[in-house]
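# Reading the structure
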Amino acid sequence: MSDADQPATSGGGGLIRLFARHPTAGNLLMAIMLLAGLFALTKLNRQFFPDFGIEVIQVSVTWPGASAEDAEASIVEAIEPEVRFLDSVDTTTGVASEGLGAVYIEYDQGADMQRALSEVESAIAQITTFPEDSERPQIRQIVRYDTLARLVLSGPFDEAELKRHAKAIRDDLLALGIDRVTLRGVRDEEIRVELAPAALRRLDLTLDDIAEAIARSSQDVPTGDLTGAFERQPRTIGLARTAEDVAEIEVRSTPSGQKIRVGDLAEVSERFDADQIEGRRFGERAVELEVQRALTSDALDAA
């Protein structure tokens, strides 16, 4: 018999030959693979949409009373040259509106956003031309959230009661681990002071006098440090939070010692901002709660 007629006794197929001779090893490997797959399945992050980065940083400056043109000239045009040529910056977009100027800085895909945020903060700190009465610049990275659900709370309640219930639900959801809950259709509370012109003329007072008295008497500011055996940080606390507190603010004292308060000159009431959007559902007041998750959260667990 020639060598060509001899049966092959060695060569390829080593792994298949091993499992053919030892079937237990193949079953064991299959079991390990199944267990590993089940374990990995429990670690998968379930979500509605695939992850994608948003490499955007927002810089905004509030300037009360400014027009959109002034905000663009004094805020937007001051920010853009400082951030346009930072590392990895792709584009910058300026937005100006009444009382606000903002710049959105978009970075190249995959940029180091922590480093970018630090560079933007350093660049903004070097700007000395902001208007004196503008507020401190707000710098933040835009973070994407996925919407899981929208809950609508409505009923025959007044606005304050409905808002209180909505806030309680929001706090409970956050305590359960929801990443963010946004309230929509709720308006900010405000304290309205309606002055009587005749009373102002009688006491020789102006609107500015009343406003200054309220601003002076309603504040919560630190007053420094006290050092000794223990360090203390005292505060001046007199922030008026209710209509009753504002009504009790002293405006002037007469020579006879009588104190004239805001409530003696004006009708003070608590209301909601009429310029903001009010929620309605089937004719009744309503509040929408938008439930959202961060990219690292599991959508089904959160839902």
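To be clear, the structure that these remarks concern was listed above.
The present account deals with the structure reproduced in this document. (Residues numbered from 1 in each chain as written. Predicted model: local features only at pLDDT ≥ 70, side-chain atom pairs only at ≥ 80, totals over all residues. Heavy atoms only, no water.)

### Concerning the overall build of the protein
Across its full length, the protein holds ten helices and 14 strands. By residue count, 26% of the 303 residues in the protein fall in the buried class. When contacts within the protein are restricted to residue pairs at least 6 apart in sequence, long-range pairs at least 24 apart make up 67% of them. (Helix = DSSP H or I, 4+ residues; strand = E, 2+ residues; numbered from the N terminus. Buried < 20%, exposed > 50% of the residue type's maximum accessible area, 1.4 Å probe, protein only. Contact = heavy atoms within 4.5 Å.)

### A short note on helix α4 (residues 113-125)
The terminal C-alpha atoms of α4, which comprises 13 residues, lie 18 Å apart, in line with the 18 Å expected from a rise of 1.5 Å per residue. Packing partners of the buried residues in α4 comprise β1 (56-62), α3 (68-83), β3 (100-107) and β4 (138-141). The N-terminus of α4 is capped by Asp112, whose side-chain oxygen sits 3.3 Å from the backbone nitrogen of Gln114. (Expected span 1.5 Å × (residues − 1). Polar contact = N/O pair within 3.5 Å; in protein donor to acceptor, adjacent residues only side chain to side chain.)

### Concerning the packing of aromatic side chains
For any pair of aromatic rings, the description rests on two quantities: the centre-to-centre distance and the angle between the ring planes. Tallying each qualifying case throughout the model produces zero aromatic pairs. A cation sits over an aromatic face here: Arg84 above Phe85, 5.8 Å from the ring centre. (Phe/Tyr/Trp six-rings, centres within 6.5 Å; stacked < 30°, edge-to-face > 60°. Lys NZ or Arg CZ within 6 Å of the ring centre and 35° of its normal.)

### Considering the sheet that holds strand β2 (residues 89-97)
The strand order across the open sheet built from four strands is β2-β3-β1-β4, with neighbouring strands paired in antiparallel fashion. Across the chains shown, the open sheet's two edge strands, defined by having one partner strand only, are β2 and β4. Looking at each pair of strands side by side, their axes are set apart by 15 degrees on average, direction ignored. Set on the sheet, α3 makes contact with β1, β2 and β3; between it and β2 the angle comes to about 165 degrees. (Pairing = 2+ DSSP bridges. Axes fitted to C-alpha atoms, helices over the stretch in contact; angles between N-to-C directions.)

### Examining the nonpolar core
Ile79, Val83, Ile105, Tyr107, Val120, Ile124 and Phe130 are the most contacted members of the largest nonpolar core, which has 24 residues in total. Mapped onto this core, the elements with two or more residues apiece are β1, α3, β3 and α4. Counting residues per element, this core draws most heavily on α4, at six residues. Residues Ala199, Leu205, Val246 and Val262 belong to the second largest nonpolar core, which totals 15 residues. (Core = buried A, V, L, I, M, F, W, Y, C linked by side-chain atoms within 4.5 Å.)

### A few points about the pattern of salt bridges
The tally for this structure, following the rule as stated, stands at 18 salt bridges. A salt bridge links Arg293 to Asp146, with the nearest nitrogen and oxygen atoms 2.9 Å apart. In this pair, Arg293 sits in strand β14 (residues 284-293) while Asp146 sits in strand β5 (residues 146-154), placing the two residues 147 residues apart along the sequence. Just as Arg293 is buried, Asp146 falls in that class too. Across the salt bridge formed by Arg150 and Glu290, the nearest N and O atoms sit 3.2 Å from each other. Remark: Glu290 occurs in strand β14 and Arg150 occurs in strand β5; sequence separation between them is 140 residues. (Salt bridge = Lys/Arg side-chain N within 4 Å of Asp/Glu carboxyl O.)

### Description of empty space enclosed by the protein
Scanning all chains against the criterion turns up one cavity of 30 Å³ or more. Of the voids in this model, the largest cavity is the one considered here, and its volume is about 70 Å³. What lines the largest cavity is simply Glu159, Leu162, Lys163, Gly185, Val186, Arg187, Phe272, Glu278, Gly279, Arg285, Ala286 and Val287. For the lining of the largest cavity, the elements supplying multiple residues, two or more each, are α5 (159-175) and β14. Considered class by class, the residues forming the lining of the largest cavity number five nonpolar, two polar and five charged. (1 Å grid on protein atoms, 1.4 Å probe; cavity = no way out; pocket = protein on both sides within 12 Å on 5 of 7 lines; lining within 4 Å. Points joined across faces, edges and corners; volume = space filled by probe spheres on them. Nonpolar A, V, L, I, M, F, W, Y, C, P; charged D, E, K, R; others polar.)

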